[in-house]
Amino acid sequence: MTEGQADGLEDLRAAIAACRICRDAPTRGPDDRLPHEPRPVAVISSSARILISGQAPGLRVHESGLPFNDASGDRLRQWLGVTRDQFYDPNLFAIVPMGFCFPGYDAHGSDLPPRRECAPRWRQEVMDAMPQIELVLAIGQYAQSWHLGDRRASTMTETVRNWRTHLGSNIGPPVLALPHPSWRNTGWLKKNPWFAEDVLPVLQERISKLIN
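Residues numbered from 1 in each chain as written. Predicted model: local features only at pLDDT ≥ 70, side-chain atom pairs only at ≥ 80, totals over all residues. Heavy atoms only, no water.

Q: I would appreciate a short explanation of the pattern of salt bridges in the present structure.
A: Close approach of charged atoms allows side chains with opposite charge to pair. Throughout the structure, instances matching the rule amount to 11 salt bridges. The partner of Glu 205 in a salt bridge is Lys 209, and the shortest N-O contact between them spans 3.5 Å. You can see Glu 205 and its partner Lys 209 sitting in helix α11 (residues 194-211), 4 residues apart, about one turn around the helix. Glu 205 gets classed as partly exposed once you look at its relative accessible area, which sits at 43%. Each of Arg 20, Arg 23, Asp 24 and Glu 37 takes part in salt bridges that share partners, so that together they form one network. (Salt bridge = Lys/Arg side-chain N within 4 Å of Asp/Glu carboxyl O. Helix = DSSP H or I, 4+ residues; strand = E, 2+ residues; numbered from the N terminus. Buried < 20%, exposed > 50% of the residue type's maximum accessible area, 1.4 Å probe, protein only.)

Below, the structure is given as C-alpha cells:
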C-alpha cells in the first residue's frame, strides 16, 4: 500500500467515525432520527482478505465499540474456528456491518434493522477501499441482499442453502451467506443440521487458508 492509499484509508475511517446522518439527516424525516448519540463501529483493513459483513451493532457493541463483542460473536468465532485474538486482528479480518450504529429496539425489545442511511452512503466506498478482499461472509438478510443482489433467494434459509453457487460465482469476491449467530437462531440451527454438517467445515477450511 502506498502512502497515499494509507492516508485515504485513514481519511475514510475518520469520516465514518464522524458520521451522524442517521441522527441529523434521517431518510424518513426528523421523526425517525436516531434517538441516541451515534457510535459507528467498523474495522476497515488494507490487508485483511476476509470481510465479515453483518447487520448492525447491538447495545453491548455500541457500549464497547468492539464488533461482535457478545454471545453472537462467541458463536461466530466458533463457526470460523478462530481465536478471539485472531478475530480482532485487522490484518486478518475486516468487520464492516451494513449499518455502523446501534439502531435501537423495537416495541418487542428486538434490535431494529440497520439504519437506511448507512449503506447507500458508505457501502460501495468501503468496498472500493478494500480491493484485497477474497471472501465475504454475509451474515443475515441485509448483508446478503447487498452483496448478492438478485442472486439472493426469497428466504434466508434458501440463500444459505445455495452457498456452493455463491462461492463459485465470478461476480466480485466469493460470498458465503450465513445465518446470524444470535441465540435467537438456535432453533433454526437445530432444524437445519446441514448447516453445521456441510457449510461449517468448508467455511473453516477457507478461513484457515486465508489467515495462515
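Q: I keep staring at the nonpolar core and nothing clicks. Help me out?
A: Within soluble globular proteins, side chains that are nonpolar tend to cluster in buried spots. Counting residues in hydrophobic clusters, the biggest one holds 53 residues, and the most contacted among them are Ile 52, Leu 80, Phe 93, Leu 137, Phe 195 and Ile 207. Sorting elements by how many residues they give to this core places α11 first, with 8 residues. Ignoring anything within four residues of it in the chain, the contact list for Ile 52 reads Phe 68, Leu 76, Leu 80, Phe 87, Phe 93, Ala 94, Ile 95, Val 96, Leu 137 and Ile 139. (Core = buried A, V, L, I, M, F, W, Y, C linked by side-chain atoms within 4.5 Å. Contact = heavy atoms within 4.5 Å.)

Q: What's the story with the side chain of Asp 70 in this structure? I'm lost.
A: Among the structural elements, Asp 70 can be located in the loop between α3 (59-64) and α4 (71-80). It turns out Asp 70 is buried and unbridged, and the closest side chain with the opposite charge, Arg 77, is 5.9 Å from it. Not counting chain neighbours up to four residues away, the residues in contact with Asp 70 comprise Arg 60, Val 61 and Arg 77. (Lys, Arg positive; Asp, Glu negative; His and termini not counted.)

Q: Would you explain the sheet that holds strand β2 (residues 93-95) in this entry?
A: Backbone hydrogen bonds hold the strands of a sheet together, and the pairing may be parallel or antiparallel. In space, the 4 strands of this open sheet follow the order β2-β1-β3-β4, with parallel pairing throughout. Two strands lie at the open edges of the sheet, namely β2 and β4 (175-178), each paired on one side alone. Averaged over all pairs of adjacent strands, the angle between their axes in this sheet comes to 20°, without regard to strand direction. (Pairing = 2+ DSSP bridges. Axes fitted to C-alpha atoms, helices over the stretch in contact; angles between N-to-C directions.)

Nothing here speaks to function; it is all geometry.
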